[in-house]
Amino acid sequence: MSDIFDAVWLSSSPALARFDQPLLKYLSKYMKIAQWEYHQDKDEGSSLDEAVDLLNEFLTPCTDSIHLIGHSSGGVIALDFARRYPEKVRSLTLLSVSSQPAHTWHTHYYVQRDLFTISREQILANSVRNLFGKQPYDITKKLMTALDKDLDQTPLSHSLFKLVDLPKGGVSMPMMVCGSKDDSIVDSPALHNWLKYFKPEDHLWEYPQGHHFFHYFYPQPVGEQILSFWQLHHLQPMMVSQLMSQNLYN
């Protein structure tokens, strides 16, 4: 493993990165984990290729492969990177990533804009309910603002005029796919469709609730599953011992 970190969490949007923090805080108790964010300027076009290239530059100093993990479109970047640079990735963990990787919440947003004659604000409010569950009015307004920014920041090339698809399939390294049973964006059929591409060492796990951001609402059970998966693929012995001791006293 790298002397600097063991795992890298990928975030595709500064507007939504705060919802990754509870899980990152939990994982950092047991692993050296870095957070990488893709920042896109307003005068730049959306580009998944650029995000992957920038991530490759970031990981160039690493002498060993690392665990790569990402949620939603951050997971899409992780998946694309793992396919292009398999020698740099020890394992891949995807949270709320559909078996058609480009089908993110942004896809659902643009489909609604195309099908229904309702305002952008109404669709954003609907998106908040789909992604986070029912929330109080003031929190809903704040979440709508964050989602509005995320539409501009994501590296995926969706728009009102065109929805993109990405190649389906798995990866050469061990992969874990996680989701929530009440996620209306990446529902159980979309999640279980990954099984068609699984290798024997791959793993699929669903939490009963939490919607699209289940890792924000339930960081500990999600973190425990991820750490167990990493443990199978060369987690450092000292870290394994620490995790087992924690579990014995819980």
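Shown above is the structure to which this text applies.
What counts, and at which threshold
- Each residue is numbered by its place in its chain's sequence as written, counting from 1.
- pLDDT decides what is reported in this predicted model: residues at 70 or higher carry local features, side-chain atom pairs at 80 or more are listed and counted, and totals for whole chains, interfaces and linings draw on all residues regardless.
- The basis for every side-chain value is the complete set of non-hydrogen atoms in the structure, without hydrogens or water.
- Under the DSSP-based scheme used, a helix requires at least four consecutive residues in state H or I and a strand at least two consecutive residues in state E, with every element numbered from the N terminus.
- Type-normalised accessible area, obtained with a 1.4 Å probe on protein chains alone, sets the label of each residue: buried when under 20%, exposed when over 50%, and partly exposed for intermediate values.
- We call two residues contacting when some pair of their heavy atoms lies within 4.5 Å.
- In these tables, accessible area is a Shrake-Rupley quantity obtained with a 1.4 Å probe, and a residue counts as shielded only by the protein chains included in the view.
- Two strands are counted as paired when DSSP detects at least two bridges linking them.
- Pairs were defined over the aromatic rings of Phe, Tyr and Trp, the Trp ring being its six-membered one, requiring ring centres within 6.5 Å. Orientation was assigned from the angle between planes: stacked under 30 degrees, edge-to-face over 60, tilted for the rest.
- Only when the NZ of Lys or the CZ of Arg is both within 6 Å of the ring centre and within 35 degrees of the ring normal is a charge said to sit over the ring.
- Axis definition: a line fitted to C-alpha atoms, limited for helices to the stretch in contact. Angles are taken between N-to-C directions and run from 0 to 180 degrees.
- Each angle gets one of four labels, with under 35 degrees taken as roughly parallel, over 145 as roughly antiparallel, 65 to 115 as roughly perpendicular, and the rest as oblique.
- Throughout, the ten residues Ala, Val, Leu, Ile, Met, Phe, Trp, Tyr, Cys and Pro are labelled nonpolar, Asp, Glu, Lys and Arg are labelled charged, and all others, Gly among them, are labelled polar.

A. Geometry of the overall build of the chain. Across its full length, the chain carries ten helices and six strands. The 250 residues of the chain split such that 53% are buried. Taking all contacts inside the chain whose residues are at least 6 apart in sequence as the whole, residues at least 24 apart take part in 76%. Carbon and sulfur atoms make up 53% of the accessible area of the chain, which totals about 11600 Å².

B. Representation of helix H4 (residues 105–115) within the structure. Every buried residue of H4 is listed here: Trp 105, His 106, Thr 107, Tyr 109, Tyr 110 and Gln 112. Close packing links the buried residues of H4 with helix H3 (73–84), helix H5 (120–132) and helix H6 (137–153).

C. Representation of the environment of Trp 205 within the structure. Its place among the elements puts Trp 205 in strand E6 (residues 203–207). With 25 residues separating them in the primary sequence, Trp 205 and Ser 180 have C-alpha atoms 8.5 Å apart. Leaving out residues up to four positions away in the same chain, Trp 205 has contacts with Met 176, Val 177, Cys 178, Gly 179, Leu 191, Phe 214, Pro 221, Val 222 and Gln 225.

D. Summary view of the pairing of strand E5 (residues 175–180). Across the six residues of E5, six count as buried, placing the element largely inside the fold. Two elements, strand E4 (residues 89–95) and E5, share four bridges in a ladder whose sense is parallel. Looking at E5, one finds that Leu 95 is bridged to Cys 178. Relative to E6, E5 runs parallel, the two sharing five bridges. Directly across from Met 176, in E6, lies its bridge partner His 203.

E. Inspection of the packing of aromatic side chains at higher detail. Overall, the coordinates contain 13 aromatic pairs when judged by the stated rule. Taken together, a centroid distance of 5.8 Å and an interplanar angle of 5 degrees make the contact between Phe 5 and Phe 58 stacked. Taken as a pair, Phe 5 in the segment before strand E1 (7–11) and Phe 58 in helix H2 (residues 48–59) lie far apart in primary sequence, 53 residues in all. Members of the aromatic cluster, joined through ring pairs, are Phe 19, Phe 132, Phe 213, Tyr 216 and Phe 217. Here the guanidinium or amino end of Lys 88 rests over the ring plane of Tyr 85, the centre of that ring lying 5.3 Å away.

F. Region of the structure containing the packing of H5 against H6. The N-to-C vectors of H5 and H6 enclose an angle of 105 degrees; their axes lie 9 Å apart at closest approach. Here H6 runs roughly perpendicular to H5, going by the angle between their axes. Across from Arg 120, Glu 121, Leu 124, Ala 125, Ser 127, Val 128, Leu 131 and Phe 132 in H5, the residues of H6 making contact are Thr 140, Leu 143, Met 144, Leu 147, Asp 148 and Leu 151. Grouping the constituent residues of the contact of H5 with H6 by class yields nine nonpolar, two polar and three charged.

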